[in-house]
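# Close look at the chain arrangement
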Amino acid sequence: MRRRTLGLLAAAALAAPRTARAAWPERPVTVVVPYPPGGNNDILARLVGPVVEREIGQPLVVENRGGGGGTIGAAAASRAAADGYTLLFADIGNLAIAPHLFARLPYDPNAFTPVIRLTEVSLLVGVPKDSPHRTMADLVAAARARPEALNFGTPGPGTAGHLATQMLMGLAGIRMTHIPFRGSAPAAQELVAGRIDLLIDGTLLPAVSQGTVRALAVTGARRSPFTPDLPTIAEAGVPGYAFASWHGVVAPRGTPPEAIAKLNAAFNAAVRDPAVLARARQLGLPLVGGSAADFDTWIKAEREKFGPLVQASGARVE
């Protein structure tokens, strides 16, 4: 009997570490935001974070790693251990546009496992509050009259705002000078200060509401429910224009399926949370949610779509 008991205890002792290792999560989860604080990726991470923390029972540690239009942070996340403890708050820029825009991308765009799509965002076309351009027609006419005299800011090469503006120039037949910044927040600050002429971005709604920025149009195919009085760029005189940004969460390829499933459930809970939804509406961020498989299909379709769009725009980052 004693020998049998000792054998059972030894077996239990050997099994215990395996059980502990299988219990995810056992420690905080790091979320890499590949832009400086203040952009939509950063805002989203901090907005949904408390609900996700509650659902998984561990803290989410936001790590801002800006630069390279989101490629530096994406590269760092792609090299992290595939154990569920590192996530990337990704977007259209680093998952769909950058693979076509950058001559040398510092990460494999297929090095990620999708977790969830969080948003689908129509960007705002913003000018300084004292800008002489009161409509899209005014802006296009001024740019056409003085090629490259007007400048436009972006959160960086390869970002959604960059390609959205390139698409505008291509379809409207105009040329403006690109001034890249390290994220949406510094670009928006320069717009408010009147030091750039134009910024197309998804973070401008609070500044528009406060009257420090004037919005001329939205980039989507349809008017935004958050700004129903603003025309689309197509309605405002650039036929065929339609551009929507999006954000989502991915993990390094090979992350255990049970971690992906728990994370997907936690983030879906967050995008359904009434307080999160209310704040997202104030920020102009329509929340989506859904399955990891749906997001995988979405990424592949978007990457295929933006290949010819990037090529037609003539944009290239060497």
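The following paragraphs examine the structure supplied in this document. (Residues numbered from 1 in each chain as written. Predicted model: local features only at pLDDT ≥ 70, side-chain atom pairs only at ≥ 80, totals over all residues. Heavy atoms only, no water.)

Assigned secondary structure in the chain consists of 11 helices and 10 strands. Seen through its principal axes, the chain has C-alpha atoms that stretch 95 × 40 × 30 Å. When burial is assessed residue by residue, the chain has 53% of its 318 residues classed as buried. A fraction of 79% describes how many contacts in the chain between residues 6 or more apart in sequence connect residues 24 or more apart. If you sum the accessible surface of the chain, you get close to 14000 Å²; carbon and sulfur atoms cover 54% of it. Here the chain holds 31 positive side-chain charges and 24 negative ones, and the gap between their average locations is 6 Å. (Helix = DSSP H or I, 4+ residues; strand = E, 2+ residues; numbered from the N terminus. Buried < 20%, exposed > 50% of the residue type's maximum accessible area, 1.4 Å probe, protein only. Contact = heavy atoms within 4.5 Å. Areas by Shrake-Rupley, 256 points an atom, 1.4 Å probe, with all protein chains shown as cover. Lys, Arg positive; Asp, Glu negative; His and termini not counted. Charge placed at Lys NZ, Arg CZ, Asp CG, Glu CD.)

The strand order E7-E6-E8-E5-E9 describes an open sheet built from five strands, whose pairing is mixed. Each edge of the sheet is formed by a strand with only one pairing partner; in this case those strands are strand E7 (177–180) and strand E9 (213–218). In this sheet, neighbouring strand axes are inclined to one another by 30° on average, regardless of whether the strands run parallel or antiparallel. Relative to E7, strand E6 (residues 151–154) runs parallel, the two sharing four bridges. Residue pairing in the sheet places Gly153 in a bridge with Ile179 of E7. Against the sheet, helix H6 (residues 160–172) touches E6, E7 and strand E8 (198–201), its axis set at about 150° to E6. (Pairing = 2+ DSSP bridges. Axes fitted to C-alpha atoms, helices over the stretch in contact; angles between N-to-C directions.)

Considering the arrangement of structural elements, one finds Phe112 in strand E4 (residues 112–122). Between the alpha carbons of Phe112 and Met176 there is a distance of 35 Å; along the sequence they are 64 residues apart. Sequence-distant contacts of Phe112, that is, excluding residues within four places in its chain, are made with Ala74, Ala77, Ser78, Leu88, Leu95, Tyr107, Val250, Ala251, Pro252 and Arg253.

What follows deals with helix H3 (residues 71–78). Since there are 3.6 residues in each turn of an α-helix, residues three or four apart along the chain are aligned in direction. Counting buried residues in H3 gives seven out of eight residues, a clear majority hidden from the surface. Every buried residue belonging to H3 is among Thr71, Gly73, Ala74, Ala75, Ala76, Ala77 and Ser78, and all of these are buried. Elements in contact with the buried residues of H3: strand E1 (29–33), strand E3 (86–91), helix H4 (92–101), E4 and strand E10 (244–252).

Applying the stated rule across the entire model yields six aromatic pairs. Here Trp246 and Phe295 contribute two aromatic rings whose centre-to-centre distance is 5.9 Å and whose plane-to-plane angle is 90°, an arrangement assigned as edge-to-face. In this pair, Trp246 is assigned in strand E10 and Phe295 in helix H11 (residues 292–313), connecting sequence segments 49 residues apart. For Trp246, a relative accessible area of 0% corresponds to the buried category. Residue Phe295 is classed as buried on the basis of its relative accessible area, which comes to 1%. Chaining the aromatic ring pairs together yields one cluster made of Trp246, Phe295 and Trp298. Directly above the aromatic system of Tyr85 lies the positively charged group of Arg27, at a separation of 3.8 Å from the ring centroid. When the ring centre of Trp298 is taken as reference, the NZ or CZ atom of Arg117 above it lies at 3.7 Å. (Phe/Tyr/Trp six-rings, centres within 6.5 Å; stacked < 30°, edge-to-face > 60°. Lys NZ or Arg CZ within 6 Å of the ring centre and 35° of its normal.)

Here we take up the pattern of salt bridges. Opposite charge on two side chains permits pairing when their charged atoms draw close. The final tally for this structure, using the stated rule, is 10 salt bridges. In this structure, Arg65 engages Glu63 in a salt bridge whose closest nitrogen and oxygen atoms are separated by 3.5 Å. With a relative accessible area of 36%, Arg65 lands in the partly exposed category. We classify Glu63 as partly exposed; its relative accessible area is 32%. Glu120 serves as the salt-bridge partner of Arg117, at 3.4 Å between the closest nitrogen and oxygen. (Salt bridge = Lys/Arg side-chain N within 4 Å of Asp/Glu carboxyl O.)

With that settled, the discussion passes to the side chain of Asn94. Relative to the helices and strands, Asn94 is located in helix H4. Residue Asn94 is classed as buried on the basis of its relative accessible area, which comes to 0%. Reaching out from Asn94, the side chain makes a polar contact with the backbone nitrogen of Asp91 at a distance of 3.0 Å. Among residues more than four places away in sequence, those in contact with Asn94 are Pro34, Tyr35, Gly70, Ala74, Pro99 and Tyr107. (Polar contact = N/O pair within 3.5 Å; in protein donor to acceptor, adjacent residues only side chain to side chain.)

To continue, consider the environment of Ala215. Note on placement: Ala215 falls in strand E9. In this structure the C-alpha to C-alpha distance between Ala215 and Leu283, which are 68 residues apart in sequence, comes to 14 Å. Apart from the residues within four sequence positions on either side, Ala215 is in contact with Leu124, Val125, Val208 and Leu230.

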